[in-house]
Each structure stands twice: as C-alpha cells, then as structure tokens.
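These are the residues of each chain, in order.
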Amino acid sequence: KNQVEQSPQSLIILEGKNCTLQCNYTVSPFSNLRWYKQDTGRGPVSLTIMTFSENTKSNGRYTATLDADTKQSSLHITASQLSDSASYICVVARRDDKIIFGKGTRLHILP
Amino acid sequence: DGGITQSPKYLFRKEGQNVTLSCEQNLNHDAMYWYRQDPGQGLRLIYYSQIVNDFQKGDIAEGYSVSREKKESFPLTVTSAQKNPTAFYLCASSMTRYYEQYFGPGTRLTVT
C-alpha cells in the first residue's frame, strides 16, 4: 500500500535550536520526494525536491536527506526562527504520476 | 504562492447551494489540480487536468465538478451532492505531472 508516514505529529522547540523531521514511505515505483512548508491558512510552498540519485539537498537553513534503500527522508532545520513555525509536509511521487501526501508535522518555535 | 491566485479567500454558503471556487495561474503550466485539506489529514486530490479541455477524477471527486476551457483557469464547483463540503481547498499547477507543484493561497469554504 502506498503510504507516507511523518513523525513526529507535532514538535515544539526553542528559537535558535535545531530539529529534524522524519518521513518514511512505502510508495513504489518511486519518482521523487518533496518537502513543503505550509503556514497556517496558506498554501504549501516547496522547500526541496529529490530524485532517486540524490542523497542530500539544501535550501538555506533547510537540509533534506533521502535514503532510497530504506525509504526514509528527513528534513533538518538549523538555527530555527519564529518564522519556521508551520506544518511541514512530505510528498512522494510515483513514476505513474500519482502523488501521495503525508499528514505533516506541525512545528512550533517558542521565543 | 507563486503565480497562482484563488478567490475568494473565505466563502460561506448555505447547505444545498452550489458554489464555484476560482483558480487562475500565469505560470504557463499545463497541469492543474484541486485538493481538499481537512484537519489532521493529508491533502486529497479532487480533480486534475493535464491539458486544456481534459480533466480526470482524483481520489474524492464525488460531489465536485471542474472545467478547463483555458490554460490559465481551472474552476471547481462544489455541488449540493457533496456531503461534507466544509474544508480548505487548494489549487496547484505544475509544468507537467512529473514536475513539482506550485500551490495557491487556498479558499476556506464553510457550508452551514
């Protein structure tokens, strides 16, 4: 069954700290994996997109990793800021164009 | 939110009324999508269109209808047949179905 599981469901950290969000998937055949940031009441915004051959991709303070063998991805946020408070959604695309969304991790940054 | 606009941001309707949500993009993308987002759930695909005058049902198409008469526009009609229409609706577009999607700001529909 094609699924995308994200953990934790929610996370609270202090401003300036680092954190890592996890994404495990059982989607096959795999095409690419995407991380999106969604502010409350807004549309998701793309952070990274990785194909099978890419292990790491960075976008500023955001670094995504992909292990296609274990079907795991992580999103690491360095030196968190209050503006990082949002939901982070992991999305996996299959080669037949079907796109499966995770339920997201809700991140709260406290001052 | 890129070059995708959705209007209105908030919409209120009485039960039994049809309502149309607008989605326009100026990114010259061929593919467009409609998703529904409910609390605690991942985005669910309602309809998608890969090209003008063509569209396909997604996972939860019942009670919804769409049209794609222009490349830039992909309106969604929520009909009275949709049993639980209150939700946050997101429109997205991409160059083709293989490429990453760009999302609009969303429309929050409340039906009472």
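The shown structure was predicted, so the numbers you read here are calculated from the model rather than taken from an experiment.

### What to know about the nonpolar core
Residue and element names in this part refer to chain A. Within the largest apolar cluster, 25 residues are counted, with the highest numbers of intra-cluster contacts made by V4, Y25, L33, W35, L75, Y88 and V92. Put simply, the parts of the chain that give this core at least two residues each are strand 3 (19-25), strand 4 (30-38), strand 5 (45-51), strand 7 (62-67), strand 8 (72-77), strand 9 (86-94) and strand 11 (105-110). Apart from the residues within four sequence positions on either side, Y88 is in contact with Q6, L21, W35, Y36, K37, L47, Y62, L75, I77, G104, T105 and L107.

### A word on the side chain of S93(B)
All names here are of chain B. You can see S93 is positioned in strand 9 (residues 87-94). Among the residues examined, S93 registers a relative accessible area of 0% and is labelled buried. Polar contacts involving the side chain of S93 include one to the side chain of H29, which spans 2.8 Å. Those residues in contact with S93, other than ones at most four positions away along the chain, are I4, Q25, L27, H29, A31, M32, Y33, E100, Q101 and Y102.

### Details of the pairing of strand 9 of chain A
All names here are of chain A. Among the nine residues of strand 9, nine are classified as buried, and the element is accordingly described as predominantly covered. In strand 9, alternate side chains face the same way, and those of A86, Y88, C90, V92 and R94 on one face and S87, I89, V91 and A93 on the other are all buried. Pairing between strand 9 and strand 11: three bridges, direction antiparallel. In the strand pairing of strand 11, A86 is matched with L107. Alignment of strand 9 against strand 10 (residues 99-101), held across three bridges, turns out to be antiparallel. Bridge pairing in strand 10 links V91 to F101. Between strand 9 and the antiparallel strand that follows it, strand 10, lie four residues; D97 among them carries a positive phi value of about 80°.

### Concerning the state of the cysteines
Going through the model one piece at a time under the given rule, you end up with two disulfides over all chains. Two residues, C23(A) and C90(A), share a disulfide whose sulfurs are 2.0 Å apart. Looking along the S-S bond of the C23(A)-C90(A) disulfide, the torsion reads about -70°, which is the left-handed sense. A residue pair is termed long-range when its members are at least 10 positions apart, and C23(A) in strand 3 and C90(A) in strand 9 qualify at 67 residues. The disulfide bridge from C23(B) ends at C91(B), spanning 1.9 Å between sulfur atoms. One disulfide, between C23(B) and C91(B), carries an S-S torsion of -70° and so falls in the left-handed class. Of the two residues, C23(B) is situated in strand 3 (residues 19-25) and C91(B) in strand 9; the sequence distance between them amounts to 68 residues. Assessed through its relative accessible area of 1%, C23(B) is described here as buried. For C91(B), a relative accessible area of 0% puts it in the buried group.

Conventions we followed
- Residues numbered from 1 in each chain as written.
- Chains lettered and ligands numbered in written order.
- Predicted model: local features only at pLDDT ≥ 70, side-chain atom pairs only at ≥ 80, totals over all residues.
- Heavy atoms only, no water.
- Core = buried A, V, L, I, M, F, W, Y, C linked by side-chain atoms within 4.5 Å.
- Buried < 20%, exposed > 50% of the residue type's maximum accessible area, 1.4 Å probe, protein only.
- Helix = DSSP H or I, 4+ residues; strand = E, 2+ residues; numbered from the N terminus.
- Contact = heavy atoms within 4.5 Å.
- Polar contact = N/O pair within 3.5 Å; in protein donor to acceptor, adjacent residues only side chain to side chain.
- Pairing = 2+ DSSP bridges.
- Disulfide = S-S within 2.5 Å.

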